[in-house]
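A closer look at the structure
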Amino acid sequence: MQLLTKISLKYFLTNTFVAVVSLAFLLSGCASFSGKVLKRSNKSTENNINKFKGVYSNAPQTYYPENGKPVNPIKRKFTTLRYFLFNNKMSLDSTANYYIEVIPVNQVQMFFAFKKEDLTIDSITIGGSLRNGMFYLDNKLFRCHGIPYLLGGCERKKFRLATSNNELIAQETYDNSGAFLFFFWAGTSHNFAYSYARKND
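A quick note: this is a predicted structure, and the numbers were derived from the prediction, not measured. (Residues numbered from 1 in each chain as written. Predicted model: local features only at pLDDT ≥ 70, side-chain atom pairs only at ≥ 80, totals over all residues. Heavy atoms only, no water.)

1. Re a positive patch on the surface
A contiguous patch of positive charge on the surface is contributed by Lys36, Lys39, Arg40 and Lys69. Turning to its location among the elements, lysine 39 is positioned in the loop between helix H1 (2-27) and strand E1 (54-57). (Patch = residues over 30% accessible without salt bridge, like charges linked within 9 Å, V, L, I, M, F, W, Y side chains within 5 Å. Areas by Shrake-Rupley, 256 points an atom, 1.4 Å probe, with all protein chains shown as cover. Salt bridge = Lys/Arg side-chain N within 4 Å of Asp/Glu carboxyl O. Lys, Arg positive; Asp, Glu negative; His and termini not counted. Charge placed at Lys NZ, Arg CZ, Asp CG, Glu CD. Helix = DSSP H or I, 4+ residues; strand = E, 2+ residues; numbered from the N terminus.)

This is how it looks when you write it as structure tokens:
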């Protein structure tokens, strides 16, 4: 009887622990896109995947911080379009012109070619989903370190694309939160976007 009680208590504590960890995971902060970032942009809400097709500059022309007020990216360290799409680093020639060609494959896939002048030097196909005129990329990041919510944390990053007149908008949301014995700390997080001009043929 005593052994059975110990087993039942152990089972109860184990299930309680799992439930608490799961609840903490669901209630903790996570990377989510902020509508405020693009509130001043003229992003299209048309759900047509073909509107993304085109060739765009690799260097941005406008930066949208969390308050949504457009800023000239020259005033800050800017992020290239390649950064949003390719998961590897490459040394770039500061005197050369780089472009990204975007070709929708179907409703859930896009092909991206990274070009130097007219030469394709890298390419990638990324899956995703089209919602409310924006393409949510599958190249998101989720990874944890330590024991999440006990002694460690989780890192989350997501990307989405939009179109606005003759430009492509790339938005990133990022969250890196942690905890020690369920005492959560804020960690770091950000929401921002850049716009990239469409190249005229």
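2. Quick notes on the nonpolar core
Among the nonpolar cores identified, the biggest contains 26 residues, and Phe52, Leu85, Phe112 and Leu161 are the most heavily contacted of them. Looking at this core, the elements that each hand over two or more residues are helix H2 (81-85), strand E3 (98-106), strand E4 (109-116), strand E5 (119-131), strand E6 (134-137), strand E8 (151-164), strand E9 (167-180) and strand E10 (183-197). Other than its neighbours up to four places away in sequence, leucine 161 contacts Phe52, Leu85, Phe112, Gly133, Met134, Phe135, Leu137, Leu168, Ile169 and Ala170. Listed in part, the nine residues of the second largest apolar core include Tyr64, Met134, Tyr136 and Ile169. (Core = buried A, V, L, I, M, F, W, Y, C linked by side-chain atoms within 4.5 Å. Buried < 20%, exposed > 50% of the residue type's maximum accessible area, 1.4 Å probe, protein only. Contact = heavy atoms within 4.5 Å.)

3. Quick word on the packing of aromatic side chains
All told, the structure shown has 13 aromatic pairs when counted by the stated rule. Measuring from ring centre to ring centre gives 6.4 Å for tyrosine 83 and phenylalanine 159, while their planes differ by 80 degrees; the resulting arrangement is edge-to-face. Of this pair, tyrosine 83 sits in helix H2 while phenylalanine 159 sits in strand E8; the two residues are 76 residues apart in sequence, bridging distant segments of the chain. What makes tyrosine 83 partly exposed here is its relative accessible area of 35%. Taking relative accessible area as the criterion, phenylalanine 159 reaches 6% and is therefore assigned buried. Judged by centre distance (5.4 Å) and plane angle (5 degrees), the ring pair of tyrosine 98 and phenylalanine 114 falls under stacked. With a gap of 16 residues between them, tyrosine 98 in strand E3 and phenylalanine 114 in strand E4 connect regions that are remote in the sequence. Feature note: the residues Tyr63, Tyr83, Phe84, Phe159, Phe192, Tyr194 and Tyr196 constitute an aromatic cluster, connected by ring pairs. The residue whose ring lies beneath arginine 82 is phenylalanine 86, and the NZ or CZ to ring-centre distance is 4.7 Å. (Phe/Tyr/Trp six-rings, centres within 6.5 Å; stacked < 30°, edge-to-face > 60°. Lys NZ or Arg CZ within 6 Å of the ring centre and 35° of its normal.)

4. Here's the deal with the pairing of E5
Pairing between E4 and E5: eight bridges, direction antiparallel. Paired with phenylalanine 111 across the strands is threonine 125, a residue of E5. Two successive antiparallel strands, E4 and E5, enclose a turn made up of two residues, where glutamate 117 displays a positive phi of approximately 60 degrees. Relative to E6, E5 is paired through four bridges, and the arrangement is antiparallel. Of the residues in E6, the one forming a bridge with arginine 131 is methionine 134. (Pairing = 2+ DSSP bridges.)

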